[in-house]
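# Architecture and fold: a report
Here is what each chain is made of, one letter per residue.
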Protein chains: 2
Amino acid sequence: MTGTTSRRPHDGFHVFDTTLRDGAQREGITLTVADKLTIARHLDDFGVGFIEGGWPGANPRDTEFFARARTELGLRHAQLVAFGATRRAGVRVEDDPQVAALLESGAPVVTVVAKSHDRHVELALRTTLEENLAMVRDTVGHLRAHGRRVFVDCEHFFDGYRANPEYAKAVVRAAHTAGADVVVLCDTNGGMLPAQVHAVVSLVHEDTGARLGIHAQDDTGCAVANTLAAVDGGATHVQCTANGYGERVGNANLFPVVAALELKYDRRVLPEGCLSEMTRISHAIAEVVNLVPSTHQPYVGVSAFAHKAGLHASAIKVDPDLYQHISPELVGNSMRMLVSDMAGRASIELKGKELGYDLSADRELLGRIVERVKERESAGYTYEAADASFELLLRDESERHRTGEPAARYFRVESWRAIVEDRPDGTHANEATVKLWAKGERLVSTAEGNGPVNALDKALRLALERTHPELAGMDLVDYKVRILWGEQGTKSVTRVLVEMTDGRGEWSTVGVGTNVIAASWQALDDAYTYGLLRAGVRPGG
Amino acid sequence: MTGTTSRRPHDGFHVFDTTLRDGAQREGITLTVADKLTIARHLDDFGVGFIEGGWPGANPRDTEFFARARTELGLRHAQLVAFGATRRAGVRVEDDPQVAALLESGAPVVTVVAKSHDRHVELALRTTLEENLAMVRDTVGHLRAHGRRVFVDCEHFFDGYRANPEYAKAVVRAAHTAGADVVVLCDTNGGMLPAQVHAVVSLVHEDTGARLGIHAQDDTGCAVANTLAAVDGGATHVQCTANGYGERVGNANLFPVVAALELKYDRRVLPEGCLSEMTRISHAIAEVVNLVPSTHQPYVGVSAFAHKAGLHASAIKVDPDLYQHISPELVGNSMRMLVSDMAGRASIELKGKELGYDLSADRELLGRIVERVKERESAGYTYEAADASFELLLRDESERHRTGEPAARYFRVESWRAIVEDRPDGTHANEATVKLWAKGERLVSTAEGNGPVNALDKALRLALERTHPELAGMDLVDYKVRILWGEQGTKSVTRVLVEMTDGRGEWSTVGVGTNVIAASWQALDDAYTYGLLRAGVRPGG
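First, a word on what this report is: a plain description of the structure on this page. Note that this is a predicted model, so its numbers are computed, not measured.

## Things to note about the overall build of chain A
- A tally of helices and strands in chain A yields 17 helices and 16 strands.
- For chain A, the spread of C-alpha atoms along the three principal axes comes to 85 × 65 × 50 Å.
- Counting all 541 residues of chain A, 57% fall into the buried class.
- Across chain A, every contact between residues at least 6 apart in sequence was considered, and the portion connecting residues at least 24 apart equals 68%.

Given below as structure tokens:
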């Protein structure tokens with residue numbers, strides 16, 4: 001059970017992930033068993049040493065997760081951990097069904113949460129300080145006797161230490177003496193600052209001799225720093241969650257903690273080659289939990305290495321390393337130049353270069369594009385998240401500059417219409433009709449969908465596939481609606497972002513208008529146009 | 001110019017805000033002059049000592065801001081700061097138009113950015129190390145001679161200190177000797193960790209004797225902790241931005257920095273009574289910059305004091321202070337119980353109590369409500385952000401439990417229809433028809449809107465106002481669309497959240513379905529129903 005194969009991270013430092021248990025407490029997250037299995041695979045790919053999967057016995061979902069994990073998860077790097085509590089007060093550990101469920105889960109490692117704050121023992125557990133110590137000893141001893149590796153989470157440790165340091169340390173000693181491998185000091189309410197964490201961890205480490213871990217909540221905005229401060233104080237086990245998900249403000253974010261250890265401490269805490277998977281895995285987990293990935297997350301956010309200011313953009317041309325703290329490729333991210341009305345010509349020129357357009361030779365064209373971007377952005381467009389629409393704009397302006405006409409398109413829209421009607425049985429009919437011209441043909445199609453945009457998308461494809469069979473491999477993968485200039489309810493301007501894939505890559509387009517359906521249509525039009533361009537199809541009506 | 005009235009924060013510690021300058025570099029933010037004036041008023045209400053308004057002369061918008069600020073902003077607490085650079089290399093400071101624009105701005109305080117990293121001087125500025133020192137001396141001296149208070153931002157200080165500590169300190173000394181009140185050490189690339197910041201700030205403070213400030217970017221996720229580490233090292237001036245807005249990952253977030261200083265350091269850095277405005281001001285500024293307030297922001301996020309886990313919920317009934325690091329009222333926030341399928345009966349019981357329903361007496365009813373919430377949440381509903389829909393559910397179930405029938409509603413929908421059609425001129429027609437029954441009358445209305453949901457909203461009001469004139473004071477203030485279970489484009493399930501106001505308060509409702517229009521209709525139906533309930537109108541068709 002305690003054996004580690006050569007593929008597992010070395011045991012001297014533990015990267016312990018609790019996304020599936022503590023992270024799932026985040027407001028807005030609800031995980032199915034399938035979600036949990038998928039996330040566990042991503043975490044294993046990332047190379048964490050331990051994956052805390054849930055509390056077997058506490059709810060049917062977590063029990064099922066452990067049952068399926070045994071057969072369905074072939075973990076390469078990580079060991080699976082079951083979470084539970086110390087035995088109930090006044091009950092023999094052998095008779096406690098909650099403890100039995102931990103063994104039944106089959107997980108080789110168990111985290112046991114124990115109270116370490118005297119007031120919590122008395123008010124929440126309603127037992128004596130002495131009985132609480134016995135509960136820790138008995139539970140750890142029982143699990144060890146059954147061959148499990150045991151970590152003990154000392155809940156509310158830092159608040160408890162402030163209130164009664166001797167008792168808090170007595171809990172650490174009880175766990176350590178009974179055979180816990182790691183005693184984890186938890187800042188459960190998240191109120192600590194790094195200097196305090198560093199001082200307490202150092203003292204407890206010296207006084208008890210136990211191997212210590214840290215579990216920090218982010219209520220002061222310092223969870224990452226608190227985790228690192230604990231490492232500075234002697235902790236060799238860090239509990240984190242992917243993207244910092246967790247109750248209230250969240251937990252210490254796995255990604256910046258690991259990045260700091262690897263890149264700033266120069267400490268190898270992940271298996272070789274895993275660090276550069278960070279950005280991909282962060283976004284993949286966000287997808288599974290159905291939260292928009294934070295654009296501004298350290299290291300992995302799409303904005304983390306994005307440069308906007310004209311001031312910087314010109315200097316970045318000289319040497320990018322002057323303006324980034326690490327090379328973004330180390331964590332699988334990349335530098336990006338933003339197109340924005342704050343950016344000057346230098347940014348647009350760089351962005352053009354990124355897309356393969358050399359604008360440096362033609363100052364007049366560059367000026368026109370800058371003007372056009374400013375004009376569109378003031379109307380609510382954003383090109384920061386819609387590279388494909390930006391490229392179409394660039395292409396149009398280049399062509400107009402060269403020939404006086406916009407670039408040729410693949411189709412011309414005559415008209416479209418969408419109808420949504422509710423039926424007496426509570427279902428809805430969605431019907432769309434589009435009328436197009438392409439390759440000299442007039443194409444008219446009507447389609448039904450499970451929403452008006454879906455109906456329009458289907459009608460547009462149906463019409464256009466007759467002349468452009470290349471559309472067959474393209475799929476809409478994301479559709480985002482944002483209401484701009486709020487406080488006016490449905491009268492506001494709507495911005496729609498559409499993401500499409502052809503199986504080899506993705507592209508994003510934008511549409512804007514007071515009408516959500518019309519804005520969606522614009523984004524769809526751009527998306528199919530760009531897809532055909534990408535496929536190498538020659539435009540021309 | 002340097003005088004502070006009794007209403008101004010004391011000068012011993014500076015809370016310096018740079019939302020309007022450095023914060024505006026954030027991807028997705030574009031501020032008009034009116035936005036900047038509004039934000040400045042909010043920051044002044046919050047009680048910061050200094051508001052950096054922009055770079056006069058660098059762009060017409062910033063120049064206009066300072067011109068209008070002089071007459072339109074009556075700042076109670078803060079002093080306005082103009083940002084600019086040292087004079088150009090090889091140019092007399094008197095002849096540098098950029099420096100002249102700083103004086104012309106009329107701001108009593110000027111921040112001058114200076115290079116302090118030797119490589120940046122040579123590669124980005126393309127001048128000598130000695131000339132750079134002269135540029136600092138001359139610029140500070142010139143501004144001081146014209147009666148301005150001067151702060152110097154040492155750009156890339158920490159990277160520069162690592163590369164060439166003597167030169168970095170020479171820049172600090174040059175600024176200090178020339179009369180700068182504060183020399184601000186900037187972690188421009190944001191790569192530092194708190195222990196490093198603490199060490200460097202302490203050493204520089206001891207070596208130079210200059211008054212020091214800190215400007216931290218958040219690229220390691222440690223900007224708040226780095227700011228506090230600098231304060232621990234002797235800095236008495238902190239540069240922050242509201243909600244941490246800023247380039248790439250962002251800047252040190254003003255709110256957790258100030259909260260830590262006030263509540264954890266017990267240091268009075270804001271005028272009396274301002275701290276409790278924090279949550280309101282954070283959200284108001286997010287509105288102005290048109291970003292959704294981060295729900296998980298420390299101290300001020302709606303989730304910052306929200307409790308979900310069944311484990312905690314039962315203990316919170318005993319003593320809330322056991323589970324929160326500060327009393328949320330101190331920062332103008334409040335504790336919230338979340339309704340969620342992870343929560344057990346205890347959470348729903350508490351939530352009911354919050355809304356005025358005592359569910360403790362009837363275990364069977366409570367169980368039914370828990371079941372119903374679970375069922376709806378698995379279909380994609382969320383009640384965490386839709387209290388009004390939750391209350392309607394609670395009301396329905398209570399009534400059904402008592403009488404066998406759901407609670408009476410105000411109206412019964414016979415059918416509705418929405419049509420969107422594009423016109424040859426590029427505009428769109430949106431038309432909706434609704435057929436309702438209320439107070440025994442059949443109400444049929446058709447309305448046009450600038451989108452299908454707006455048209456439906458108008459048609460519904462038009463119909464219902466005939467029997468329920470109370471609707472007149474109600475307005476839709478926010479409309480959010482979220483695509484659930486992504487990766488399927490427009491075929492996914494859509495969740496719509498609607499927020500409505502009656503001028504006295506707001507309420508939120510939810511609708512879910514594969515069809516965005518139908519989901520919007522559900523949320524509208526709930527929103528008007530709840531509004532009438534709130535207005536004390538007796539239901540009954």
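## Some thoughts on the pairing of strand β11 (residues 412-422) of chain A
- With 10 bridges connecting them, β11 of chain A and strand β12 (residues 428-438) of chain A associate as antiparallel partners. Residue pairing across strands places W416 of chain A opposite V434 of chain A, the latter belonging to β12 of chain A.
- Between β11 of chain A and β12 of chain A, which pair antiparallel one after the other, the connecting turn spans five residues, and G426 of chain A there sits at a positive phi close to 90 degrees.
- Both β11 of chain A and strand β11 (residues 412-422) of chain B contribute to a ladder of five bridges, which runs antiparallel. From the neighbouring strand, E421 of chain A faces β11 of chain B, where its bridge partner is R417 of chain B.

## Digging into the interface of chain B and chain A
- The partner chain A presents 96 residues to the 94 residues of chain B that form the contact.
- Among the elements that make up the side of chain B that touches chain A, the one with the highest residue count is strand β14 (residues 475-484) of chain B (nine residues).

## Description of the relation of the copies chain B and chain A
- Screw-axis analysis of chain B against chain A gives a translation of 0.2 Å along the axis, an RMSD of 0.3 Å, and a rotation angle of 180 degrees. In short, the pair behaves as if placed about a two-fold rotation axis. It is I419 of chain B whose C-alpha, among those of chain B, lies nearest the rotation axis, at 2.1 Å.
- Comparing interface residues between copies, 100% of those in chain B also lie at the interface in chain A; the contact surface is shared.

## Let's talk about the sheet that holds β11 of chain A
- Spatially, β13(A)-β12(A)-β11(A)-β11(B)-β12(B)-β13(B) is the arrangement adopted by the six strands of the open sheet, whose pairing is antiparallel. Whereas interior strands pair on both sides, the edge strands pair on one side only; in this sheet they are β13 (441-448) of chain A together with β13 (441-448) of chain B. Here the average twist between neighbouring strands, direction ignored, is 5 degrees.
- One ladder, built from eight bridges, connects strand β12 (residues 428-438) of chain B with β13 of chain B; its direction is antiparallel. If you follow L436 of chain B over to β13 of chain B, its bridge partner there is L443 of chain B.

## Considerations on the nonpolar core
- V152 and A175 of chain A together with V152 and A175 of chain B are the most contacted members of the largest nonpolar core, which has 206 residues in total.
- Beyond its immediate chain neighbours, meaning those up to four positions away, V152 of chain B contacts V112, A114, V136, V140, A175, A180, V183 and V184 of chain B.
- A418, A455 and A523 of chain A together with L394 of chain B belong to the second largest nonpolar core, which has 107 residues in total.

## Some details on helix α2 (residues 60-72) of chain A
Residues and elements named next belong to chain A.
- The terminal C-alpha atoms of α2, which comprises 13 residues, lie 18 Å apart, in line with the 18 Å expected from a rise of 1.5 Å per residue.
- Every buried residue belonging to α2 is among D62, F65, F66 and A69, and all of these are buried. Mapping the buried residues of α2 onto a view down its axis gives an arc of 95 degrees, with all of them on the same face. Along α2, exposed side chains directed more than 90 degrees from the buried face belong to P60 and T71.

## A word on the packing of helix α15 (residues 387-403) of chain B against helix α17 (residues 516-534) of chain B
All names here are of chain B.
- One way to put it is that α15 packs onto α17 with a least axis distance of 10 Å and a crossing angle of 75 degrees. Taken together, the axes of α15 and α17 are roughly perpendicular relative to one another. Within the contact between the two elements, α15 uses A388, S389, E391 and L392 and α17 uses D526, A527, T529 and Y530.
- Its residues placed into classes, the contact of α15 with α17 shows four nonpolar, two polar and two charged.

Analysis parameters
Residues numbered from 1 in each chain as written. Chains lettered and ligands numbered in written order. Predicted model: local features only at pLDDT ≥ 70, side-chain atom pairs only at ≥ 80, totals over all residues. Helix = DSSP H or I, 4+ residues; strand = E, 2+ residues; numbered from the N terminus. Buried ≥ 20, exposed ≤ 12 C-beta atoms within 10 Å, placed from the backbone. Contact = placed C-beta atoms within 7 Å. Pairing = 2+ DSSP bridges. Least-squares fit on C-alpha atoms with pLDDT ≥ 70 in both. Axes fitted to C-alpha atoms, helices over the stretch in contact; angles between N-to-C directions. Core = buried A, V, L, I, M, F, W, Y, C linked by C-beta atoms within 7 Å. Expected span 1.5 Å × (residues − 1). Arc of directions from axis to C-beta. Parallel < 35°, antiparallel > 145°, perpendicular 65-115°, else oblique. Nonpolar A, V, L, I, M, F, W, Y, C, P; charged D, E, K, R; others polar.

Functional significance is not addressed by these values, which are geometric in nature.
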